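# Secondary and tertiary structure notes
Spelled out, the chains give:
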Amino acid sequence: MFPEALRKFFPGSGTNRAAEPFGVQRLGEEDPLFREQVKAFRAKLEYRAEALGQKVIAVTSAISGEGKTLLTGKLAMGLASSGRKKVLLIGLDLRKADLAQTLEIAPLPGLTEYLAGSAKLDEIIRTTVMPGLHVIPPGIQLSNPTDLLTGTRFREFLAASREKFDFVILDTPPLLPVADTLLLRDQIDAFLLIYRANWTPHDLFRQAIEELGESQILGVVLNGIEQQKQRYYDKYYGSYYRNTHIASAGTP
Ligand SMILES: Nc1ncnc2c1ncn2[C@@H]1O[C@H](COP(=O)(O)OP(=O)(O)OP(=O)(O)O)[C@@H](O)[C@H]1O
Ligand SMILES: [Mg+2]
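In short, a report on the structure. Not measured: the values here are computed from a predicted model.

### A word on the environment of Ser-161
- Note on placement: Ser-161 falls in helix α7 (residues 152-164).
- Ser-161 sits 71 residues away from Ile-90 along the chain, and the two C-alpha atoms are 10.0 Å apart.
- Setting aside chain neighbours within four positions, we find Ser-161 in contact with Leu-88 and Val-168.

### Brief notes about the pairing of strand β4 (residues 133-136)
- Side chains of β4 alternate between two faces, with Leu-133 and Val-135 and His-134 and Ile-136 buried alike.
- In the sheet, strand β2 (residues 87-91) pairs with β4 via four bridges, with the strands oriented parallel. Residue pairing across strands places Ile-90 opposite Ile-136, the latter belonging to β4.
- In this structure, strand β3 (residues 126-127) lies alongside β4, joined through two bridges in antiparallel fashion. Along β4, the bridge assignment pairs Thr-127 with His-134.

### Quick look at the pairing of strand β1 (residues 56-61)
- The buried fraction of β1 amounts to six of the six residues, a majority that puts the element mostly inside the structure.
- Here four bridges tie β1 to strand β5 (residues 167-171), and the two strands are oriented parallel to one another. Across the sheet, residue Ile-57 finds its bridge partner in β5, namely Ile-169.
- Inspection of the sheet shows β1 paired to strand β6 (residues 190-196) by five bridges, in the parallel sense. Bridging across to β6, Val-59 finds its partner in Leu-192.

Reading the values: rules and limits
- Sequence positions are assigned chain by chain, starting from 1 and proceeding in written order.
- Chain letters start at A and ligand numbers start at 1, both assigned in the order the entries are written.
- In view of the model being predicted, local features appear only for residues whose pLDDT reaches at least 70, and side-chain atom pairs are presented and counted only at 80 or more, with totals across whole chains, interfaces and linings using the full set of residues.
- A run of H or I in DSSP counts as a helix once it spans at least four residues, and a run of E counts as a strand once it spans at least two, with each numbered from the N terminus.
- Remark: residues whose backbone-derived C-beta atoms lie within 7 Å of one another are considered to be in contact.
- Whether a residue is buried, exposed or partly exposed follows from its count of other C-beta atoms within 10 Å of its own C-beta, namely 20 or more, 12 or fewer, or something in between, respectively; the C-beta atoms are built from the backbone.
- Any two strands are treated as partners once DSSP identifies two or more bridges connecting them.

In structure tokens form, the structure reads like this:
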């Protein structure tokens, strides 16, 4: 059943049948379809964010395991791939610290160490094979990072990052179980909300939209839409947006 809360992001929808997640191997770089869809989704986001003057963008979702870290990595790589944009990807999920593992980069030192004062900024920024892409991993896993994230040092760090980069993309913890992401909302320009098909309970997705407030949602990404069931979306959004879709949240 198509969740009620998604309808406003996909006007005209409502007849969609439950989609099943495709296999994780379909997410591999070597899959041309996946590459295509990430490219399209990145282009759409870039256009919207620039039109609205939004550069600090948090990728989030209601619950754990919806694909935030994976898609944040792909998005940041996509934004930097043209070579024209300077992109900083920050692992803000200090509780799970999964970004370094997903991107296969050295996990330490990271943001936690910088915020705690035990590492300098140039020690935590990783350069990548893409000249425009820099990554800051979360660092050591913490059970309660609230004080670090709400402190002056983080605020100043994010403000400085905003000045130096065209896009600052944040991989965040899930919205509903922990307050970390919402506590930072005044420093974030926009949210990209992920909904994973056959994974996210509808009522929790709806609750996440309410918590964020629609005006701050740049778009919703549908993750895990089975290919055969995409004709429905294609009818409205064209055949470019397969498997992972980004839909407008009422913004231009
Ligand atoms: N559409 C999909 N189909 C199959 N596997 C997926 C899909 N999207 C993500 N995954 C896999 O699901 C797992 C969780 O993804 P990921 O770590 O990106 O989620 P997350 O939202 O960051 O989770 P958490 O909130 O716990 O950090 C990973 O192993 C990822 O490769
Ligand atoms: Mg994650």
